[in-house]
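Structural features, examined
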Amino acid sequence: MTSHAGADDTTLVRASQRGDRDAFGILVSRYAPAIIGMTARMLGPAGDAEDIAQETFVAAYRSLSSFQLSSKFSTWLYRIAVNKCKDVLRARRPAVVSLDDGDTDEAAEESWQAVDDQTPHWELEQVELAWELGKGIDALPAVYRESFVLRHIEGLGYDEMSEVLGVNRDTLKMRVYKARTLLCRSLAHVVKQS
Amino acid sequence: MTDTERLVQRFIDQELSPEERMRFVARLGRDAALRQQVIDFEQLALDVSRLPRPGVPDGFVERVVAEAVPAPPAWRGVVNALLRPRTFHWNLASAGAVACLVLIGLAGLLTRPAVAPDATTATAATSTTAATAPRTVLVRLVVVRPGAATVAVAGDFNGWNPARTPLEPGSNGAWVVTIPLEPGRYEYMFVVNGQEWIADPFAAERTADGFGSENAVLDVRPDAGAV
């Protein structure tokens with residue numbers, strides 16, 4: 001792998017498109033922490049985040065010939081990972097949350113309300129804030145969670161988020177705002193009881 | 001989103017112009033509820049940034065690459081190594097060394113004595129030398145191995161490949177071959193039935209082969225007719 005050490009993504013992608021295993025290995029190594037982190041946060045503790053991350057990279061390699069480098073490799077990778085996570089979530093809770101575009105935000109609002117109502121008596125005083133925060137993120141409706149995770153955990157800007165999720169900037173800002181509001185509301189329990 | 005919500009969002013995302021920011025901060029001083037909301041949002045962003053990230057499991061990269069990228073056949077690695085473009089790095093010292101080697105080679109060619117007279121002499125001195133190879137000496141090798149199915153010889157002269165030089169069965173269990181050799185010293189062994197490697201029991205000289213056994217040594221002199 002040393003021959004590609006320090007190479008930029010474009011160089012590595014082009015080498016990978018020619019079947020260079022070492023180059024693709026460096027790309028995987030470079031983005032594995034981010035993709036595993038994102039899938040873990042999107043899918044929660046029982047979500048097989050590692051498997052989905054692995055599927056993401058394998059799917060990326062198999063579609064690499066069609067990748068034109070018109071967007072960043074990382075953006076393209078995030079998009080694949082998000083879609084993989086959506087597949088898992090869709091299979092997990094098909095009747096609760098609609099992940100399709102359209103009325104997703106209304107569905108998310110209703111879904112969150114259901115979760116919030118069901119968990120007013122968490123044993124908040126016995127857990128760490130970080131654990132509660134992670135739990136709160138896991139409980140966010142998927143459309144809010146993906147926006148919040150990409151913005152606050154992965155540190156993406158709204159333009160890149162728009163490219164990853166295929167949603168316009170204003171909608172994404174609204175979703176991130178909603179996610180922040182919902183999380184602050186859930187964490188208020190922690191603050192009050194501790 | 002309301003205008004206030006949008007303003008909060010832009011403040012948190014640091015998208016406000018300096019003037020807008022000043023006006024918003026002044027408003028925070030007057031509006032305790034709004035101030036608390038902004039503090040909560042900022043605290044949230046800070047808490048989220050401190051969340052532990054899951055590590056990459058051992059062997060993850062290798063597993064992904066193994067599943068995604070089929071391993072190339074072994075021969076392709078050899079071909080790639082042969083065809084891979086290489087960059088030659090040189091400096092004055094290496095260039096000088098190469099130049100010296102070339103000059104020495106040229107000098108050797110220019111000062112080399114003519115070959116033809118010697119060849120004629122060798123041919124004359126060796127009655128059995130083949131006419132097409134003036135300096136070649138015909139050497140007959142003989143070994144007695146009654147009952148053997150095959151006997152061959154392997155040595156310096158045939159790349160240690162017994163398949164190149166089989167012996168012919170003679171009378172009384174003797175196996176014989178005659179081979180043309182240029183003058184020089186050669187190590188060799190007989191190979192009986194394709195498996196048993198033995199040194200020539202009639203060899204005048206033997207030498208250790210480095211593997212705990214001995215090779216026979218054949219010293220072919222230019223003036224010898226046959227050994």
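In what follows, the accompanying structure is described. Keep in mind that what you see is a predicted model, and the values were worked out from it rather than measured.

1. Some words on the overall build of chain A
The helix and strand tally for chain A stands at nine helices and zero strands. Taking all 194 residues of chain A together, 54% fall into the buried category. Sequence-distant contacts, at least 24 apart, represent 62% of the contacts inside chain A between residues at least 6 apart. A total of about 8,700 Å² of accessible surface is found on chain A, and carbon and sulfur atoms cover 47% of it.

2. Quick word on the sheet that holds strand E3 (residues 168-169) of chain B
Residues and elements named next belong to chain B. Taken in spatial order, the three strands line up as E1-E4-E3 in an open sheet, and their pairing is antiparallel. Each having just a single partner strand, strand E1 (137-144) and E3 make up the two edges of the open sheet. Summarising the sheet, E1 and strand E4 (residues 174-181) pair through eight bridges and their orientation is antiparallel. In the strand pairing of E4, Leu138 is matched with Pro180.

3. Section: the nonpolar core
Counting residues in hydrophobic clusters, the biggest one holds 76 residues, and the most contacted among them are Phe24(A), Met38(A), Phe57(A), Phe73(A), Ile137(A) and Leu150(A). When neighbours within four sequence positions are excluded, Ile137(A) is seen to be in contact with Arg41(A), Arg145(A), Phe148(A), Val149(A), Ile153(A), Leu183(A), Val48(B) and Leu51(B). Core analysis: the second largest hydrophobic core is formed by 21 residues, Ala148(B), Leu181(B), Tyr186(B) and Ala216(B) among them.

4. Side note on the interface of chain B and chain A
With 33 residues of chain B in contact, the opposing surface of chain A contributes 41 residues. Across the interface of chain B and chain A, roughly 3,200 Å² is buried in total on both sides, 68% from carbon and sulfur atoms. On the chain B side of the contact with chain A, Leu44(B), Arg53(B) and Phe60(B) bury the most area, a combined 18% of that side's loss. On the surface where chain B and chain A come into contact, there are five salt bridges. Among the ionic pairs, Arg63(B) bridges to Glu50(A), the shortest N-O distance being 2.6 Å. There are 12 residue pairs in polar contact (both at pLDDT 80 or more) connecting chain B and chain A. Put simply, the parts of the chain that give the side of chain B that touches chain A at least two residues each are helix H1 (3-12), helix H3 (32-49) and helix H4 (60-68) of chain B. Ranked by residue count, the leading element in the side of chain B that touches chain A is H4(B), at eight residues. Each residue belonging to the side of chain B that touches chain A can be placed in one class, and the counts come to 22 nonpolar, three polar and eight charged.

5. Structural notes on helix H8 (residues 158-165) of chain A
Residue and element names in this part refer to chain A. When H8 is considered as a whole, its buried residues turn out to be Tyr158, Glu160, Met161, Val164 and Leu165. For H8, the angular spread of buried residues about the axis comes to 155 degrees, placing them on one side. Note on H8: the residue one or two positions beyond its end, Gly166, has a positive phi of about 70 degrees.

6. Thoughts on unusual backbone geometry
All names here are of chain B. The phi dihedral of Trp160 is positive, around 55 degrees, even though this residue is not glycine. Tracing the backbone shows Trp160 in the loop between strand E2 (151-155) and E3. Look at Asn193: it is not a glycine, yet its phi comes out positive at around 55 degrees. Along the polypeptide, Asn193 turns up in the loop between strand E5 (184-192) and strand E6 (196-198).

7. A word on the environment of Gly166(A)
Residues and elements named next belong to chain A. Of note, Gly166 is situated in the loop between H8 and helix H9 (169-193). Residue classification places Gly166 among the exposed positions, given a relative accessible area of 59%. Between the C-alpha atoms of Gly166 and Arg79, which are 87 residues apart in sequence, the distance is 8.8 Å.

8. Side note on the pattern of salt bridges
What the rule picks out here adds up to 14 salt bridges over all chains. For Lys72(A), the salt bridge goes to Glu160(A), with nearest N and O atoms at 3.5 Å. Here Lys72(A), found in the loop between helix H3 (49-62) and helix H4 (73-92), pairs with Glu160(A), found in helix H8; they are 88 residues apart in sequence, far enough to count as distant. Linking Arg10(B) and Glu20(B) is a salt bridge whose minimum nitrogen-to-oxygen distance equals 3.0 Å. Within this pair, whereas Arg10(B) is found in helix H1, its partner Glu20(B) is found in helix H2 (residues 18-30), the two being separated by 10 residues in sequence. Residue classification places Glu20(B) among the partly exposed residues on the basis of a relative accessible area of 24%.

9. Points about the packing of aromatic side chains
Residues and elements named next belong to chain A. Applying the stated rule across the entire model yields 11 aromatic pairs over all chains. Through a chain of ring-to-ring contacts, three or more aromatic side chains come together here, namely Tyr31, Phe67, Phe73 and Trp76. When the ring centre of Tyr158 is taken as reference, the NZ or CZ atom of Lys173 above it lies at 5.5 Å.

10. Quick notes on the packing of H1(B) against H3(B)
All names here are of chain B. Put simply, H1 and H3 touch, their axes get as near as 11 Å, and they point 40 degrees apart. It follows from the interaxial angle that H1 and H3 lie oblique. Seen from above, H1 lies across H3 with right-handed handedness. Between H1, through Thr4, Val8, Phe11 and Ile12, and H3, the contact on the second element is made entirely by Leu34, Gln37, Val38, Phe41 and Glu42.

11. Details of the packing of helix H2 (residues 21-43) of chain A against H4(A)
All names here are of chain A. Direction vectors running N to C along H2 and H4 enclose 30 degrees, while the axes themselves pass 10 Å from each other. Both H2 and H4 take part in a crossing whose hand is right-handed. Across from Leu27, Tyr31, Ala34, Ile35, Met38, Thr39, Met42 and Leu43 in H2, the residues of H4 making contact are Phe73, Ser74, Leu77, Tyr78, Ala81, Val82, Cys85, Val88, Leu89 and Arg92. When grouped by side-chain class, the residues that make up the contact of H2 with H4 number 15 nonpolar, two polar and one charged.

Reading the values: the criteria
- Sequence order as written defines residue numbering, which begins from 1 separately in each chain.
- By the order in which they are written, chains take letters starting at A while ligands take numbers starting at 1.
- Residue-level local features of this predicted model are given only where pLDDT is at least 70; pairs of side-chain atoms are given and counted only at 80 or more, and the full residue set underlies all totals for whole chains, interfaces and linings.
- Working from all heavy atoms in the structure, the side-chain values ignore hydrogens and water.
- The numbering of helices and of strands both runs from the N terminus, where a helix is a DSSP run of H or I of at least 4 residues and a strand a run of E of at least 2.
- Throughout, exposure labels follow a simple rule: accessible area from a 1.4 Å probe, protein chains only, divided by the maximum for the residue type, with under 20% read as buried, over 50% as exposed, and the rest as partly exposed.
- Residue contacts are defined here by distance: any two heavy atoms, one from each residue, within 4.5 Å place the two residues in contact.
- Under the convention used here, a 1.4 Å probe and the Shrake-Rupley method define accessible areas, while residue burial counts only the protein chains that appear.
- Pairing between strands is defined by DSSP: at least two bridges between the two strands are required.
- By nonpolar core we mean a set of buried residues, namely Ala, Val, Leu, Ile, Met, Phe, Trp, Tyr and Cys, connected to one another through side-chain atoms within 4.5 Å.
- Once two parts are brought into contact, the accessible area they lose, counted with a 1.4 Å probe and summed over both, makes up the buried area.
- What makes a salt bridge here is a side-chain nitrogen of Lys or Arg within 4 Å of a carboxyl oxygen of Asp or Glu, nothing more.
- Polar contacts here mean pairs of N or O atoms no more than 3.5 Å apart (in protein, one a potential hydrogen donor and the other a potential acceptor; neighbouring residues in sequence count only if both atoms are side-chain atoms).
- Residue classes follow a fixed rule: Ala, Val, Leu, Ile, Met, Phe, Trp, Tyr, Cys and Pro count as nonpolar, while Asp, Glu, Lys and Arg count as charged, and any other residue, Gly among them, counts as polar.
- Relevant arc is that of directions from the helix axis to the C-beta atoms, nothing else.
- Two aromatic rings from Phe, Tyr or Trp, using only the six-membered ring of Trp, form a pair when their centres are within 6.5 Å; if the ring planes differ by under 30 degrees the pair is stacked, by over 60 it is edge-to-face, and anything between is tilted.
- Note on criteria: charge over ring means Lys NZ or Arg CZ within 6 Å of the ring centre, with the direction from the centre no more than 35 degrees off the ring normal.
- Between N-to-C directions, angles cover 0 to 180 degrees, with each direction set by a line fitted to C-alpha atoms, over the stretch in contact for helices.
- Should an angle lie under 35 degrees it is considered roughly parallel, over 145 roughly antiparallel, and from 65 to 115 roughly perpendicular; all remaining angles are considered oblique.
- A crossing counts as left-handed when the near helix is turned anticlockwise from the far one by less than a right angle, and as right-handed when that turn is clockwise.

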